[in-house]
Amino acid sequence: MASDREELLTQLTEFIQERLLAEPDPQGLAPDTPLLEWGILTSMNTAQLLTYIRDELGTNIPPTELTGTNFQNLDSITDLVLTLR
């Protein structure tokens with residue numbers, strides 16, 4: 001299970017770095033980087049992330065799970081996706 005979590009965390013990190021950051025961060029994103037607080041997850045970026053999670057990872061996020069707590073950082077998003085699988 002830990003390897004599944006690590007793989008998912010890597011996939012989400014790569015997506016956010018490649019598709020949602022205006023400029024790639026050479027140090028990369030940490031699992032606890034505050035995505036909302038730092039303005040990385042805007043409404044448009046969140047919509048793109050949700051589409052990626054649904055289409056590429058095969059997990060649909062219901063509207064009731066679209067909370068600041070669930071999208072606070074990469075760790076919380078990874079946990080949410082794993083819970084919904």
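Procedures and definitions
- Residues numbered from 1 in each chain as written.
- Predicted model: local features only at pLDDT ≥ 70, side-chain atom pairs only at ≥ 80, totals over all residues.
- Heavy atoms only, no water.
- Helix = DSSP H or I, 4+ residues; strand = E, 2+ residues; numbered from the N terminus.
- Rg over C-alpha atoms; globule rule 2.2 N^0.38 Å.
- Buried < 20%, exposed > 50% of the residue type's maximum accessible area, 1.4 Å probe, protein only.
- Contact = heavy atoms within 4.5 Å.
- Areas by Shrake-Rupley, 256 points an atom, 1.4 Å probe, with all protein chains shown as cover.
- Core = buried A, V, L, I, M, F, W, Y, C linked by side-chain atoms within 4.5 Å.
- Expected span 1.5 Å × (residues − 1).
- Arc of directions from axis to C-beta.
- Salt bridge = Lys/Arg side-chain N within 4 Å of Asp/Glu carboxyl O.

Colleague: Mind laying out the overall build of the chain, listing which residues take part and the relevant values?
Modeller: For the chain, the count of helices and strands is 3 helices and 0 strands. Scanning the chain from its N terminus toward the C terminus, one meets helices and strands in the order α-α-α. The C-alpha radius of gyration computed for the chain amounts to 12 Å, which stays within 12% of the reference 12 Å derived for 85 residues, consistent with globular compactness. Considered along the principal axes of its C-alpha atoms, the chain spans approximately 30 × 30 × 20 Å. Scored against the burial criterion, the 85 residues of the chain give a buried share of 36%. Taking the intrachain contacts of the chain between residues at least 6 apart in sequence as the baseline, contacts between residues at least 24 apart amount to 62%. For the chain, the exposed surface amounts to about 5300 Å²; the carbon and sulfur share of it is 48%.

Colleague: An account of the nonpolar core is needed here, citing residue identities and associated values.
Modeller: For soluble globular proteins, nonpolar side chains are generally found buried alongside one another. Leu12, Ile16, Leu35, Leu49, Ile53 and Ile77 are the most contacted members of the largest nonpolar core, which has 22 residues in total. Mapped by element, the contributors of at least two residues to this core are helix 1 (2-20), helix 2 (43-55) and helix 3 (74-84). The greatest single-element share of this core, amounting to 6 residues, is contributed by helix 1. When near neighbours in sequence (up to four residues on either side) are disregarded, Leu49 contacts Leu12, Phe15, Ile16, Leu20, Leu41, Phe71 and Ile77.

Colleague: Break down helix 2 for me, with residues and values.
Modeller: With 13 residues, helix 2 should reach 18 Å at 1.5 Å per residue; the first-to-last C-alpha distance of 18 Å fits that figure. Those residues of helix 2 lying buried are Asn45, Thr46, Leu49, Tyr52 and Ile53. All buried residues of helix 2 lie within an arc of 120° about the axis, which places them on one face of the element. In helix 2, those exposed residues whose orientation departs by more than 90 degrees from the buried face are Ser43 and Met44.

Colleague: Pulling in residues and values, what's your account of the pattern of salt bridges?
Modeller: By the definition in use, this model includes 3 salt bridges. Arg5 is paired through a salt bridge with Asp79; the nearest N and O atoms lie 2.8 Å apart. One end of the pair, Arg5, is in helix 1; the other, Asp79, is in helix 3, and 74 residues separate them in sequence. The partly exposed category is assigned to Arg5, whose relative accessible area is 23%. The exposure class of Asp79 is partly exposed, given its relative accessible area of 36%. Here Asp55 and Arg54 are joined by a salt bridge, their closest N and O atoms 2.8 Å apart. What makes Asp55 partly exposed here is its relative accessible area of 47%.

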